[in-house]
Amino acid sequence: MGQPGPAATGLEPALLRAELARAREELLAREAEVERLREELAAVEEERRRICDEYVASLDRATEVGNLYVTLRRLHGSLDRGEVLDVLGEVLANLVGTEEFAVLERRGEGVRVVRSMGLAPDRLGALVTLQGALGRVAAAGRIAIGPALEPGPGGPEELTAWIPLRAGEREVGAIAVFRLLGQKPGLGAGDLELFEVLSAHAGLALRSAELSARRAEELPA
């Protein structure tokens, strides 16, 4: 067999260069496809995380709403004053997560502590005077947390929240929340909603229990 002529020999480098160019194009195309798939995978993973976060948030929200519903039912489920105060104490300890609180009730021009946890007698005595920063917060008649509760002269230390208790338009008392449990770093949106419920309903429940007791005393034996 004869040797390839000069023209055939000259085609081989051109064919190799063409094959190499096509191979490079295929490689670049595959790299671009891999990058596209990687971006799609990242987007899918981001969407998965978003859905998981929304699901967890919805569960948390359902728990918060459930807690509010249970709190309302329990507060209004008894006309016994002691039971209402027991429920209020459990809500503060277990749902708010505080180890120091006091429930105050107005009596005439004064204030008295009707339920407390973790507070020494001297602190309770100072609390009912409503002097200094605490007096200013109490006079405002609204829920206060955080910077609004800076102790200042005469104010109690470590006060976390002040929750006025109302029976209709009348303010009948308040809740003073001091130290939170160690595993709870601060108050969240769910706590604020719970404070709103307590402000609107705890005082009403206590007032209803008081009126029920008075009616019972007035009934003939």
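None of the values given here were measured: they were computed from a predicted structure.

1. Section: the overall build of the chain
- Scanning the chain from terminus to terminus reveals 5 helices and 5 strands.
- Reading the helices (α) and strands (β) of the chain from amino to carboxyl end gives α-α-β-β-α-α-β-β-β-α.
- Of the contacts formed within the chain by residues at least 6 apart in sequence, a portion of 54% connects residues at least 24 apart.
- When the accessible surface of the chain is split by element, carbon and sulfur atoms take 58% of a total near 14,000 Å².

2. Some points on the sheet that holds strand β2 (residues 110-117)
- Strand order in the open sheet made by the 5 strands is β2-β1-β5-β4-β3, with antiparallel pairing throughout. Each edge of the open sheet is held by one strand with a lone partner, namely β2 and β3 (144-145).
- Sheet topology note: the strand β4 (residues 161-167)/strand β5 (residues 170-177) ladder contains 7 bridges and is antiparallel. By the bridge assignment for β5, isoleucine 163 is matched with isoleucine 175.
- Contacting β1 (101-107), β3, β4 and β5, helix α5 (residues 189-218) crosses the sheet at an angle of about 40 degrees to β4.

3. Side note on the packing of helix α2 (residues 81-96) against α5
- At a closest axis distance of 10 Å, the pairing of α2 and α5 adopts a crossing angle of 170 degrees. It follows from the interaxial angle that α2 and α5 lie roughly antiparallel. On α5, the residues that touch Arg81, Val84, Leu85, Leu88, Val91, Leu92, Leu95 and Val96 of α2 are Asp191, Leu194, Phe195, Leu198, Ala202, Ala205, Leu206 and Ala209.
- Residues of the contact of α2 with α5, tallied by class, amount to 14 nonpolar, no polar and 2 charged.

4. Quick word on the packing of aromatic side chains
- One pass over the full model with this rule turns up 0 aromatic pairs.
- Across the ring face of phenylalanine 178, the terminal group of arginine 123 is positioned such that the distance to the ring centre comes to 5.0 Å.

5. A few points about the environment of alanine 120
- Among the secondary structure elements, alanine 120 is positioned in the loop between β2 and α3 (121-127).
- Sequence separation between alanine 120 and glutamate 100 is 20 residues; the distance between their C-alpha atoms is 9.8 Å.

6. Structural notes on the confidence of the model for the chain
- Confidence in the prediction of the chain, expressed as mean pLDDT, is 83, and 88% of residues score 70 or more.
- For the stretch residues 151-155, pLDDT sits under 50, and the model shows 10 contacts to residues farther than four places along the chain or on other chains.

7. Quick word on α5
- With 30 residues, α5 ought to run about 44 Å at 1.5 Å a step, and its terminal C-alpha atoms sit 44 Å apart, in line with that.
- Approximately 35 degrees is the largest bend angle found in α5, and it occurs at leucine 198.

8. Some words on the pairing of β4
- In terms of burial, β4 is a largely internal element, 6 of the 7 residues being buried.
- The pairing of β3 with β4 spans 2 bridges and is classified as antiparallel. In the strand pairing of β4, isoleucine 145 is matched with alanine 161.
- The hairpin formed by β4 and β5 contains 2 residues between the paired strands, and glycine 168 there has a positive phi angle of roughly 70 degrees.

What counts, and where the lines are drawn
Residues numbered from 1 in each chain as written. Predicted model: local features only at pLDDT ≥ 70, side-chain atom pairs only at ≥ 80, totals over all residues. Heavy atoms only, no water. Helix = DSSP H or I, 4+ residues; strand = E, 2+ residues; numbered from the N terminus. Contact = heavy atoms within 4.5 Å. Areas by Shrake-Rupley, 256 points an atom, 1.4 Å probe, with all protein chains shown as cover. Pairing = 2+ DSSP bridges. Axes fitted to C-alpha atoms, helices over the stretch in contact; angles between N-to-C directions. Parallel < 35°, antiparallel > 145°, perpendicular 65-115°, else oblique. Nonpolar A, V, L, I, M, F, W, Y, C, P; charged D, E, K, R; others polar. Phe/Tyr/Trp six-rings, centres within 6.5 Å; stacked < 30°, edge-to-face > 60°. Lys NZ or Arg CZ within 6 Å of the ring centre and 35° of its normal. pLDDT = per-residue confidence, 0-100. Expected span 1.5 Å × (residues − 1). Bend = angle between axes of the 7 residues up to and from the residue. Buried < 20%, exposed > 50% of the residue type's maximum accessible area, 1.4 Å probe, protein only.

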